[in-house]
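Residue-level structure breakdown
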Amino acid sequence: MSTKKVPLRQCIGCGEMKSKKEMIRILRTESEGFVVDATGRKNGRGAYLCPSMECFKKAVKNKGLERSFKMAVPKEVYESLEKEMEQLGE
Ligand SMILES: [Zn+2]
C-alpha cells in the first residue's frame, strides 16, 4: 500500500489547508518582483490562495499577502490576482 503524500499549503484567504496543485501561487522573485504563478513552476518565496473570488476578497481584507511576505504588496499584484480569478470563474 502506498499513500502518496500530497504537500498541503494554507490559503491566505480562508486559512484552509489544500493540495498546492489546487491553488494559485503568488510569488516574489528577485528579478520580477511579485508574480502570479498559476503553473507553480517558478522558484521563489510564495503564498497560496484558493482559486476563488471569495478567498481573494478575504485575503485582501485580512491582508494575507502582506502578512505572508512581511511587506507591503503593490496594488498591481492584487489587480492581476483578481484578473486571474475572473478567468478561472465563468
Ligand atoms: Zn481559500
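Above: the structure in question.
These remarks concern the structure in this document. (Residues numbered from 1 in each chain as written. Predicted model: local features only at pLDDT ≥ 70, side-chain atom pairs only at ≥ 80, totals over all residues. Heavy atoms only, no water.)

**Quick notes on the environment of Val77**
In plain terms, the rule: We count a stretch as a helix when DSSP gives it H or I for four or more residues in a row; a strand needs E for two or more, and each element gets its number in order from the N terminus. In this description, contact between two residues means that some pair of their heavy atoms is separated by no more than 4.5 Å.
Here Val77 lies in helix α3 (residues 75–88). Each C-alpha atom, one on Val77 and one on Val35, is 7.1 Å from the other, the two residues being 42 residues apart in sequence. Sequence-distant contacts of Val77, defined by excluding residues within four places in its chain, comprise Ile26, Phe34, Val36 and Leu65.

**Some remarks on the coordination of the zinc ion**
Which entries qualify depends on this criterion: Water is absent from the atoms considered, so a metal site may look incomplete; donors are defined as N, O and S atoms within 2.8 Å of the metal, or 3.2 Å for Na, K and Ca. Think of it in three bands: with a 1.4 Å probe and only protein chains considered, a residue is buried below 20% of the maximum accessible area for its type, exposed above 50%, and partly exposed in between.
Protein coordination at the zinc ion comes from Cys11 (SG), Cys14 (SG), Cys50 (SG) and Cys55 (SG), with a distance range of 2.2 to 2.3 Å. Every donor residue of the zinc ion comes from the same chain, spaced as C-x2-C-x35-C-x4-C. Of this pair, Cys14 sits in the loop between β1 (8–10) and β2 (17–19) while Cys50 sits in the loop between β5 (45–49) and α1 (53–61), placing them 36 residues apart in sequence. A residue is classified by how much of its surface remains accessible, and Cys50, at 5% relative accessible area, is buried.

**Considering the sheet that holds strand β4 (residues 33–37)**
Here is the rule: DSSP calls a pair of strands paired once it identifies at least 2 bridges connecting them. In this analysis an axis means a line fitted to C-alpha atoms, helices contributing only their contacting stretch, and an angle means the value between N-to-C directions, from 0 to 180 degrees.
Read from one edge of the open sheet, three strands run β4-β3-β5, paired in antiparallel fashion. What marks the edges here is a single partner per strand, and that holds for β4 and β5. Across the sheet, the axes of successive neighbouring strands diverge by a mean angle of 25°, strand direction being ignored. Two strands pair when backbone bridges link them, and strand β3 (residues 24–29) and β4 are joined in this way by five bridges, in the antiparallel orientation. The partner of Thr29 across the bridge, within β4, is Gly33.

**Notes on the packing of aromatic side chains**
What counts is decided by this rule: Here a pair means two rings of Phe, Tyr or Trp (six-membered ring of Trp) with centres within 6.5 Å. Their orientation is stacked below 30 degrees between planes, edge-to-face above 60, and tilted elsewhere.
Across all of its chains, the model carries two aromatic pairs by this definition. Between Phe34 and Phe69 the ring centres are 5.0 Å apart and the planes differ by 85°, which places this aromatic pair in the edge-to-face class. With a gap of 35 residues between them, Phe34 in strand β4 and Phe69 in helix α2 (residues 64–69) connect regions that are remote in the sequence. With a relative accessible area of 17%, Phe34 lands in the buried category.

By themselves these figures say nothing about function.
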